[in-house]
Amino acid sequence: MNATLIDSLRGVSGGSLSFAAGFALLAGLLAWLAVEIFRSLLRTFAENKQQRVALEKLRAQLTETKLRCQSAAQAESGWNGIRKFAVTKKANECDDVNAFYLKPHDGRSLPPFKPGQYLTFQLDLPGRDKPLIRCYSLSDCNDGKKDFYRVTIKKEKSPPDKPELPPGAGSSFFTDVVKEGDILNVKAPTGHFFLDMTKMNPIVLLAGGVGITPMLCMANAIAASGSKREAYFFFGVRNVREHIHKAELEKLAAENDNIHLHIAYSKPSEKDVKGKDYQHEGRVGIELLKEVLPSNNFEYYLCGSGAFMKSLTDGLEAWGVPDSVVHFEAFGPATVKKKAAVPTQAETTHLQKVMVTFARSGKTVRWEPSAENILEFAKAQGVKIDSGCCAGSCGSCVVAMKSGDVTYLKKPDTTPDAGTCLTCVCRPKNDLVLDA
Ligand SMILES: Cc1cc2nc3c(=O)[nH]c(=O)nc-3n(C[C@H](O)[C@H](O)[C@H](O)COP(=O)(O)OP(=O)(O)OC[C@H]3O[C@@H](n4cnc5c(N)ncnc54)[C@H](O)[C@@H]3O)c2cc1C
């Protein structure tokens, strides 16, 4: 209570209360009351604001914990070895491309996976003594509501310069032989190329041809999560005949403001309509990214042909994008080499002296530093080693090492057992004796 008010009260107790003193007392009381009410309101407002901030923080922490738990559960999910899956639907997407919807034959639940991962198939092809191993990316996400996995497969034609060679064995089998109702042998989803769904940073998805599959899965996962994470999605094909999952992509972009779809046709046909079927004429290249993106400050995910990935990784590097935010999936022999994979001059000098022994074939040869990897080197020496994906994914080319060690050119998706190496993605570190 202030001094004026106390003095006024003293006056009251002395019994000499005049009208003016009474008025002053009342006014003082009212003023004091108003100040106290105002202070109390300010306090409540500040407390409420603090509570709101604390609540927001708690909510964000809960969402993060939930996402981390989901992510950890996904990492632990899967099954060991082979599981049988029934082909419940085979849908023609466009020229030579089919989508396969797969449900577990045992009727049990379908483990989640990370968007960008792939399935490994053990295919029993007629006339082959051993199963053919092939990997295919999951082209749709699993949001917990879907009861199928989906892969989208393009039939690999004979090389244009060697039409006498047979077309791709695995993809032809899927395209020409596999039908609805068939049962396939499938290994659990795996792979290091995936979108971290616990993060909210903006991303750029860059797909060329059938390389759309992991990207579509990522974009679908963002949409299904309800998050507003920004995603610029570039997809390059020749024309509408190669426009894989066209309707699904268009629906995805129409229903999600945060997914910005940019389709580039390099050879549009007369019927293709710019602004409807596609947005850009030409290839998906760094110039297009510079034209469309507000800055280079994104995390980038790439999948496409060797030439597509080489041009984009070079372009991104020149644009000042750090290597650490550029991720890519190679569908075949790893055509994009990380800087660490290129031997230095000192390593080349050392590698020129390294001897590789193929013990079972009875051959000892000097390593050729220009060789892509041990698998290619073995082939050139006439030593046969089984192979599948040639990308460190399927595990077909595993060979036991009797002595010596290897350097991996990329982190393999399948961890080889101790004392073995995945020959398609490594080179010798020193003298090496292989059981091949
Ligand atoms: C992680 C990962 C994910 C993938 N995801 C997908 C996907 O989502 N969709 C998809 O379509 N593909 C995907 N692939 C590629 C897929 O795994 C296969 O590599 C592809 O289908 C070709 O396999 P194939 O058995 O049909 O061809 P192969 O039999 O391996 O033949 C490949 C090429 O070699 C030619 N050839 C045949 N014989 C010879 C010979 N004697 N000498 C030289 N050349 C020859 C063939 O004509 C063909 O052009 C993925 C690969 C990886 C590693």
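What comes next is a walk through the structure. Computed from a predicted structure; not experimentally measured. (Residues numbered from 1 in each chain as written. Predicted model: local features only at pLDDT ≥ 70, side-chain atom pairs only at ≥ 80, totals over all residues. Heavy atoms only, no water.)

Some details on the site of the ligand
Close to the ligand lie 27 residues, the nearest being Arg134, Cys135, Pro166, Gly170 and Ser171. A distance of 2.6 Å is found between an oxygen atom of the ligand and a side-chain nitrogen or oxygen belonging to arginine 134. Separating an oxygen atom of the ligand from a backbone N or O atom of cysteine 135 is a distance of 2.6 Å. For the ligand, the protein covers 77% of the area, taking 980 Å² as the surface of the free molecule. Only strand 4 (132-137), strand 5 (149-154) and helix 3 (169-177) provide two or more residues apiece to the shell around the ligand. When residues in the shell around the ligand are grouped by element, the largest group, 4 residues, is from strand 4. When the residues that make up the shell around the ligand are grouped by side-chain class, the tally is 14 nonpolar, 8 polar and 5 charged. (Near = heavy atom within 4 Å. Polar contact = N/O pair within 3.5 Å; in protein donor to acceptor, adjacent residues only side chain to side chain. Areas by Shrake-Rupley, 256 points an atom, 1.4 Å probe, with all protein chains shown as cover. Helix = DSSP H or I, 4+ residues; strand = E, 2+ residues; numbered from the N terminus. Nonpolar A, V, L, I, M, F, W, Y, C, P; charged D, E, K, R; others polar.)

Things to note about helix 3
Every buried residue of helix 3 is accounted for by Gly170, Ser171, Ser172, Phe173, Phe174 and Thr175. Where the residues of helix 3 are buried, they touch strand 1 (82-94), strand 2 (97-104), strand 3 (118-123), strand 4, strand 5 and strand 6 (183-190). (Buried < 20%, exposed > 50% of the residue type's maximum accessible area, 1.4 Å probe, protein only. Contact = heavy atoms within 4.5 Å.)

Overview of the sheet that holds strand 15 (residues 398-403)
With respect to topology, 5 strands assemble into an open sheet ordered 14-13-19-15-17, the strand pairing being mixed. One side of each edge strand has no neighbouring strand; the edge strands of this open sheet are strand 14 (363-366) and strand 17 (420-422). Each strand of the sheet is rotated relative to its neighbour by a mean of 30°, with strand direction disregarded. Across 4 bridges, the pairing between strand 13 (residues 355-358) and strand 14 is antiparallel. (Pairing = 2+ DSSP bridges. Axes fitted to C-alpha atoms, helices over the stretch in contact; angles between N-to-C directions.)

Some points on the packing of aromatic side chains
All chains considered together, the criterion is met by 16 aromatic pairs. Here the aromatic rings of tyrosine 136 and phenylalanine 174 are separated by 5.3 Å at their centres, their planes lie at 75°, and the arrangement is edge-to-face. Residue tyrosine 136 is found in strand 4, and its partner phenylalanine 174 is found in helix 3; the two are separated by 38 residues along the sequence. When sorted by exposure, tyrosine 136 lands in the same class as phenylalanine 174, which is buried. Geometrically, the ring pair formed by tyrosine 265 and tyrosine 278 is stacked, given 4.5 Å between the ring centres and 15° between the ring planes. Highlighted residues: tyrosine 265 in strand 9 (residues 259-265) and tyrosine 278 in the loop between strand 9 and strand 10 (280-281), separated in sequence by 13 residues. A relative accessible area of 5% means that tyrosine 278 is categorised as buried. An aromatic cluster is defined as three or more aromatic residues linked by ring pairs; in this entry it consists of Phe100, Phe121, Tyr136, Phe173 and Phe174. (Phe/Tyr/Trp six-rings, centres within 6.5 Å; stacked < 30°, edge-to-face > 60°.)

Details of the sheet that holds strand 3
If you trace the 6 strands from one edge of the open sheet to the other, you get 4-3-6-1-2-5, paired in antiparallel fashion. Of all the strands in the sheet, the pair left with one neighbour each is strand 4 and strand 5. On average, each strand axis in the sheet is inclined to that of its neighbour by 40°, with strand direction left out of account. Here strand 3 runs beside strand 4; their pairing, made up of 6 bridges, is antiparallel. Counterpart to leucine 123 in the pairing with strand 4 is leucine 132. Against the sheet, helix 3 makes contact with strand 1, strand 2, strand 3, strand 4, strand 5 and strand 6, and its axis sits at roughly 70° relative to strand 4, the strand it touches most.

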